[in-house]
Amino acid sequence: MSANPANRSRLVDLGLRAYVVLAFAFVFAPIAASFVFSFNSDRFPSIPLGQMSLQWYQAVASDPLVWEGLRNTLGIGVIVGLVSTALGFGAAYTDFRFKFFGKQVYMALALLPPTIPVVIMGLAMLAYLSRIDLSGNALSVIIAHVVICAPFAMAIVRLRLSQMDADLEAAAWNLGASEWKAMAHVIVPFTLPAILGALFITMAVSFDEFAIAWFVSGLNETLPVKVLGFLQGQVSPRINAIGTFVFVLSMGLVIGAQVLLSQKSKE
Amino acid sequence: MRRMPSLYGLTFSLPLLAWQLLFFVFPLVFLVALSFWTVKNFTMQPGFDPVNWVTMFARPVFWQAYGTTLALATMAALVTSALALPCAYAVAFKLSPKGQRWAIFLMVIPFFTSYLVRVYSWQIFLSDAGIINVLLGRLGLGPFHLLNTVFATLVGYLTLCLPLVVLLQLFSLIFIDRTLIEAAHNLRCGRLRTVFEVVIPAGRVGLVIAALFAFILSFGDFVSPIYLGGGDPTTLSILITDTTKSGQQWPRAAVIALTMIATLMVVAFAAIRFAYKGRAK
């Protein structure tokens, strides 16, 4: 092989490409398997596949606890999305527009929460919120989720603002617009795709978060916390049905966000 | 740009600051106070008693869990980095910009799928009568006991960390100055040697940060060690969930959590120093 360097390098390229395919196969194997086995009748899923069946979807759909979990998840997710996008937008604009003493600390607070392990956040939240009588309800999940979601919203909006000409806002002021008017007519329209994108992404993060929610939710369990319950109890292919449903929902949000965020290239 | 804080500016800056102080900083600070409280008759009593620290640090099970967690997280960081690197390298240097965009898009998808569902799915692959053993059985091999082993735990950690590590490595490799690599080739530096002596040092900061994230994620994860590893040997995160959920021993759980935070800070600090070592900027 060493006699022909071109040939050899083609072989290495081929090997690398095969490796990439393998890596993606590893990442997507559990996702694909969950999808396939959600339509499979066997109680203990394996191959060869049993019969095609919707029984797990039926089992899930007829479980009132699952519906309650779904309602909690959706309600909490929408509020978390709105609040964390508003907070994240404010922080992103602050970083874009202002310089002030202690800005590094401010930015650390705005970005650090997702790096703290969720068990630790969960415990700290549970202890603290129950101390101030806010634990064990949907509000406690909302509070905790906003803490970890706001940084994502902030990052998305900040990225969009960095594509904006900083003089644009100043030009609006020179033309007689107040700061508030400039915000409403220049900044918000320019960042609107990112705002909507952040809204969807933070909702998707909240939909899938189970650990902190498990600690603080009490009886108001969200759907992922229910899944954790299924995993702890009798493991059942119902998890696959819920997983597939949530996957489709989350992907809808993410693709929606992607479409909105990529609109910038058309301008 | 510096001006006095105005009502306008504060309207945008303050809400996040207030929220993160109230619900991020205060809970973590409260954790410190909590670790000195005592539990009597199943109720917590405020105080300043080091008893929880003494009790936990005197327990062999705590140190066993500490060692296990440290070893598992280190292994996860190294294995994930090693397995991710060829993939990130190939995407950064061998794919067209369009292929790269697709690769990034595909690697982002896992973040929006339920980690719990993926872990359950791995049970389907790894169990004694699972997919892998059935396939191996057709070749006349096995069955192998895969579930409830360290191997299965690592598969779980890999599921958790690989997409993020690939993306972080990819972003550090994409921005490497290509002329460096051409220069190495012109100087007759072999392919593999170029990778180890030019590409990896040039992307070191990103590679180390990626490994650090894998370490942090695995260090705090309690799902894989329980539902794939079988919960034995126990890890610190399992210990926290058990201590919190069974009974009112929150102060002891706080001790574990604070020990974990201290460890993570030391590791993060060491990793970042190592990443920037010799980079006078």
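Bear in mind that the values here come from a model prediction, so they are computed numbers and not experimental data. (Residues numbered from 1 in each chain as written. Chains lettered and ligands numbered in written order. Predicted model: local features only at pLDDT ≥ 70, side-chain atom pairs only at ≥ 80, totals over all residues.)

**Thoughts on the overall build of chain A**
Part 1: In terms of helices and strands, chain A carries eleven helices and zero strands.
Part 2: Across chain A, helices and strands are ordered from the amino to the carboxyl terminus as α-α-α-α-α-α-α-α-α-α-α.
Part 3: Here chain A has a C-alpha radius of gyration of 23 Å; the compact-globule value for 267 residues is 18 Å, and the former is much larger.
Part 4: Dimensions of chain A along its principal axes, counting C-alpha atoms only, are 75 × 70 × 30 Å.
Part 5: Counting only contacts in chain A whose residues sit at least 6 apart along the sequence, the fraction spanning at least 24 positions is 76%. (Helix = DSSP H or I, 4+ residues; strand = E, 2+ residues; numbered from the N terminus. Rg over C-alpha atoms; globule rule 2.2 N^0.38 Å. Contact = placed C-beta atoms within 7 Å.)

**Section: the overall build of chain B**
Part 1: Helices and strands together make up the secondary structure of chain B, namely 13 helices and two strands.
Part 2: Taking the principal axes of the C-alpha coordinates as reference, chain B spans close to 75 × 75 × 35 Å.
Part 3: The buried share of chain B, reckoned over its 281 residues, is 41%.
Part 4: The long-range share in chain B, meaning contacts at least 24 apart out of those at least 6 apart in sequence, stands at 71%. (Buried ≥ 20, exposed ≤ 12 C-beta atoms within 10 Å, placed from the backbone.)

**Describing the interface of chain A and chain B**
Part 1: Of the residues lining the interface, 62 residues belong to chain A; the matching set on chain B comes to 62 residues.
Part 2: When residues of the side of chain A that touches chain B are traced back to their parent elements, those giving at least two are α1 (5-37), α3 (64-97), α4 (103-111), α5 (118-131), α6 (138-161), α8 (179-208), α10 (223-232) and α11 (238-261) of chain A.
Part 3: Examining the composition of the side of chain A that touches chain B, we find that 14 residues originate from one element, α1 of chain A, more than from any other.
Part 4: Its residues assigned to classes, the side of chain A that touches chain B shows 49 nonpolar, seven polar and six charged. (Nonpolar A, V, L, I, M, F, W, Y, C, P; charged D, E, K, R; others polar.)

**Some thoughts on unusual backbone geometry**
Residues and elements named next belong to chain B.
Part 1: At the junction of D232 and P233, the peptide bond is cis and its omega measures out at 0 degrees in the coordinates.
Part 2: Mapped onto the fold, P233 is located in the loop between α11 (223-227) and α12 (236-245).
Part 3: Of note in this structure, R188 is not a glycine but carries a positive phi near 65 degrees.
Part 4: Relative to the assigned elements, R188 resides in the loop between α8 (178-186) and α9 (191-202).
Part 5: C-beta crowding within 10 Å serves as the criterion here: with 7 such atoms nearby, R188 is assigned to the exposed category.

**What about the packing of α12 of chain B against helix α13 (residues 250-276) of chain B?**
Residue and element names in this part refer to chain B.
Part 1: Viewed as axis vectors pointing N to C, α12 and α13 meet at an angle of 160 degrees, and their least axial separation amounts to 8 Å. One way to sum up the angle between α12 and α13 is to call them roughly antiparallel. Here α12 and α13 pass one another in a crossing that is left-handed. On the side of α12, the interface is formed by L236, L239, I240, T243 and T244, while α13 contributes W250, R252, A253, I256, A257 and M260.
Part 2: Residues of the contact of α12 with α13, tallied by class, amount to eight nonpolar, two polar and one charged. (Axes fitted to C-alpha atoms, helices over the stretch in contact; angles between N-to-C directions. Parallel < 35°, antiparallel > 145°, perpendicular 65-115°, else oblique. Left-handed = near helix turned anticlockwise from the far one by under 90°.)

**Re the packing of helix α7 (residues 167-174) of chain A against α8 of chain A**
Residue and element names in this part refer to chain A.
Part 1: One can describe the packing of α7 onto α8 by two numbers: an axis separation of 10 Å at closest approach and a directional angle of 140 degrees. In this structure, α7 meets α8 at a crossing whose hand is right-handed. Across the interface between the two elements, L168, E169, A172 and W173 from α7 touch A182, H185, V186 and I187 from α8.
Part 2: A breakdown of the residues in the contact of α7 with α8 according to their chemical character gives six nonpolar, one polar and one charged.

**Some thoughts on the environment of A155 of chain A**
Part 1: With respect to the helices and strands, the residue A155 of chain A is situated in helix α6.
Part 2: Considered as a pair, A155 of chain A and A194 of chain A are 39 residues apart in the sequence and their alpha carbons are 9.7 Å apart.

**Things to note about α5 of chain A**
Part 1: With 14 residues, α5 of chain A should reach 20 Å at 1.5 Å per residue; the first-to-last C-alpha distance of 19 Å fits that figure.
Part 2: Most of α5 of chain A is tucked away: twelve of the 14 residues are buried.
Part 3: Looking at the buried positions of α5 of chain A, the neighbouring elements they touch are α6 and α9 (211-216) of chain A together with α1 (7-34), α10 (204-220), α12 and α13 of chain B.
Part 4: Just past α5 of chain A, the residue D133 of chain A takes up positive phi, approximately 60 degrees. (Expected span 1.5 Å × (residues − 1).)

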